[in-house]
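Per-entry structural report
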Amino acid sequence: MSSENSSADDVRQVWDVVVVGAGPAGASAAYAAAVAGRRVLLLEKAELPRYKTCGGGIIGPSRDALPPGFELPLRDRVHAVTFSNNGRFTRTRRSKQMLFGLINRPEFDQQLVEHAQKAGAELRTGVTVQRVEQHGSAVPDRRTVAVLLQGGEVLLARAVVGADGSASRIGAHVGVKVDQVDLGLEVEIPVPETVAEDWKGRVLLDWGPMPGSYGWVFPKGDTLTVGVISARGEGAATKRYLEEFVGRLGLAGFEPSISSGHLTRCRADDSPLSRGRVLVCGDAAGLLEPWTREGISFALRSGRLAGEWAVRIAEAHDAVDTRRQALNYAFAVKAGLGVEMSVGKRLLTVFERRPGLFHAALTSFRPAWRAFKEITQGATSLGEIVRTYPVAQRALAALDRRPAAPGDEVSPSQ
């Protein structure tokens, strides 16, 4: 905050940046803005730490986006992946180097928030944001956004970052549009030591019975995170898939400690990322990988960008400058995450029609396994592979055009 404004702003308590939501996206945004020396307020409606439905896989891009000195609270390090196609044709592939790490979200999110606080951000929990206003009686001038809390309190900010999850109120203000909604169901199953030992360092990915669906088992010490995801609207079939999946794994006899579900929402290509002095990031912006529905790396990366650009918007003196900075934020998101999302959408379309082909490639075709390894380790990205390897471009284009092969389709009745 510039010195000439500080005395006036102190009287009215105008924050440079208010971040709504203290998940990975919000904590990253708060950290980035606080590190730049700004007055940052981070709001969270829950009390921390709190549970989140999430597999908890930390791939390379997530690791690379963490604050300096961040020690990952890993529950396991994954060196092997077992693939199966709706319970059949099981094959395990291994890697000498760690593929990715597994965390519990309550610990991980809490640690990210602590890093933001150490950088200077102020945290308020148990706070529900009703709406934001950029015009009207609550807003003293054109450089200010009013954040209205449940209970009537009004906070003022030079810029607001919405990181309040997939049912985002800030996203509604910005006008976020989604074109893919999926239902994820998950159980946390405490298991005996003998069972835990069998899963140590290994995850399972199972291509499911409904188009675009898959299941996973992520080991975290004495607990297995078991989940499935499928397109919304297939609720009963998705629930049945999870039950059958758990049964097939021989885990039906163990009582889950937590059973939960949530919707993931993927942004439409033309969906806005800002409105005036308000930016959105992470799930609130519909930013996640459409095929795997991986969201943590998208939350961390978009959150950091949102925090950096919120600082510039906070410094903007007029609507033209604000608009320029908001467009630069959108460009930064689309140039990196947007490219990955567009490739992910194409892969999902192919995967929906031909899951058997994906299974065969990952279990038997060395370049496909190498690509999987390099993406999870953070050596490359989906976008980078398609951009760098003409053979990948040609294969994707050919698959886009080809109908499903006999025996390759999946139907809800299977």
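Residues numbered from 1 in each chain as written. Predicted model: local features only at pLDDT ≥ 70, side-chain atom pairs only at ≥ 80, totals over all residues. Heavy atoms only, no water.

Per an unreviewed UniProt entry, the chain goes by Geranylgeranyl reductase family protein and derives from Streptomyces africanus.

Structural notes on the sheet that holds strand S3 (residues 57-58)
Stated precisely, the cut-off is as follows: We call two strands paired when DSSP finds no fewer than two bridges between them. Only DSSP runs of H or I reaching four residues or more are called helices, and only runs of E reaching two or more are called strands; each is numbered from the N terminus.
The three strands are arranged S3-S7-S4 in an open sheet whose pairing can be described as antiparallel. Both edges of this open sheet fall to S3 and strand S4 (76-78), since each of them pairs with a single strand only. Pairing of S4 with strand S7 (residues 100-102), which is carried by three bridges, proceeds in the antiparallel orientation. The residue bridging aspartate 76 from the neighbouring strand is leucine 102, located in S7.

Description of the environment of alanine 252
Basically, it comes down to this: We call two residues in contact whenever any of their non-hydrogen atoms come within 4.5 Å of each other.
Position of alanine 252 among the secondary structure elements: in the loop between helix H7 (235-248) and strand S16 (258-267). C-alpha separation for the pair alanine 252 and isoleucine 189, spaced 63 residues apart in sequence, amounts to 9.5 Å. Those residues within four positions of alanine 252 in sequence are excluded, and the remaining contacts are Val246 and Gly247.

Remarks on the sheet that holds strand S5 (residues 80-85)
To be explicit about the condition: Angles here are taken between N-to-C directions and fall from 0 to 180 degrees, while the axes themselves are lines fitted to C-alpha atoms, restricted in helices to the stretch in contact.
Overall, mixed pairing links the seven strands, which are arranged S6-S5-S13-S14-S15-S12-S16 in an open sheet. Only two strands of the sheet have a single partner each, and these edge strands are strand S6 (88-94) and S16. Between one strand axis and the next, the sheet turns through 20° on average, direction left out of account. Judged from the six bridges that link them, S5 and strand S13 (residues 202-207) form a sheet pairing that is parallel. Within S13, the position partnered with threonine 82 by the bridge is leucine 204. The sheet strands contacting H7 are strand S12 (178-190), S13, strand S14 (214-220) and strand S15 (223-231), and the helix crosses S15 at an angle near 150°. In the packing of helix H11 (residues 366-377) onto the sheet, the strands contacted are S5, S6 and S13, and the crossing angle to S5 comes to about 125°.

Things to note about unusual backbone geometry
In the segment running from leucine 48 into proline 49, the intervening peptide bond is cis, with an omega of -5°. Structurally, proline 49 can be placed in the loop between strand S2 (40-44) and S3. Positive phi is not limited to glycine here, since phenylalanine 89 has a value of about 55°. Mapped onto the secondary structure, phenylalanine 89 falls in strand S6.

Topic: helix H10 (residues 355-364)
What counts is decided by this rule: Partly exposed residues are those whose accessible area sits between 20% and 50% of the maximum for their type, while under 20% is buried and over 50% is exposed, using a 1.4 Å probe and protein chains only. It is the directions from the helix axis to the C-beta atoms whose arc is reported.
Along H10, the positions that sit buried rather than exposed are Pro355, Phe358, His359, Leu362 and Thr363. In an axial view of H10, the angular spread of the buried residues amounts to 115°, which keeps them on one side of the axis. Next to the buried residues of H10 lie S5, S6, S13, helix H9 (319-353) and H11.

Digging into the pattern of salt bridges
Applicable threshold: By definition, a salt bridge exists where a carboxyl oxygen of Asp or Glu is found within 4 Å of a side-chain nitrogen of Lys or Arg.
A complete count under the given rule lists 16 salt bridges for this structure. The partner of arginine 293 in a salt bridge is aspartate 182, with the nearest N and O atoms 3.1 Å apart. Here aspartate 182 lies in strand S12 and arginine 293 lies in the loop between strand S18 (278-280) and helix H8 (296-315), a separation of 111 residues in the sequence. Classification of arginine 293 as buried rests on a relative accessible area of 8%. Residue aspartate 321 pairs with arginine 324 through a salt bridge whose shortest N-O separation is 3.0 Å. Residue aspartate 321 and its partner arginine 324 are both found in helix H9; the two are separated by three residues, about one turn of the helix. For aspartate 321, a relative accessible area of 21% corresponds to the partly exposed category. Three or more residues joined by partner-sharing salt bridges are found here, namely Arg50, Arg105 and Asp109.

Section: the nonpolar core
Spelled out, the test is: For our purposes a nonpolar core is just a set of buried Ala, Val, Leu, Ile, Met, Phe, Trp, Tyr and Cys residues, chained together by side-chain atoms within 4.5 Å.
Judged by nonpolar contacts, the single largest core of 69 residues is most densely connected at Val18, Leu43, Phe108, Val147, Val160 and Tyr329. Looking at which element gives the most residues to this core, the answer is H8, with 11 residues. Setting aside residues no more than four positions away along its own chain, valine 160 makes contact with Val18, Val20, Val132, Val145, Val147, Arg277, Val278 and Leu279. With 27 residues, the next largest nonpolar core counts Trp207, Ile229, Trp291 and Leu382 among its residues.

Structural notes on the environment of serine 271
Secondary-structure assignment places serine 271 in the loop between S16 and strand S17 (274-275). Classification of serine 271 as buried rests on a relative accessible area of 1%. Along the primary structure serine 271 and valine 178 are separated by 93 residues, whereas in three dimensions their C-alpha atoms are 7.3 Å apart. Excluding anything up to four places from it in sequence, serine 271 contacts Gly175, Val176 and Lys177.

Notes on helix H2 (residues 24-35)
The line we're drawing: Expected span of a helix, by definition, is 1.5 Å for each gap between consecutive residues, and there is one gap fewer than residues.
Compared with the 16 Å implied by 1.5 Å per residue over 12 residues, the 16 Å span of H2 between its first and last C-alpha is a close match. Taken across its 12 residues, H2 has 11 buried, putting it largely inside the fold. Looking only at H2, the buried set comprises Pro24, Ala25, Gly26, Ala27, Ser28, Ala29, Ala30, Tyr31, Ala32, Ala33 and Ala34. Contacts made by the buried residues of H2 are with strand S1 (14-20), S2, helix H4 (105-118), strand S11 (154-162) and H8. Once H2 ends, the next one or two residues include glycine 37, with phi positive near 85°.

Regarding the UniProt feature "domain: FAD-binding" (unreviewed entry) in the chain
To be explicit about the condition: UniProt positions are given in the numbering used here, feature names are shortened, and annotations may be inferred rather than shown by experiment.
When the UniProt feature table is mapped onto this chain numbering, "domain: FAD-binding" (unreviewed entry) sits at residues 16-296. Split by type, residues 16-296 is 21% helix and 37% strand. Its first and last C-alpha atoms lie 26 Å apart.

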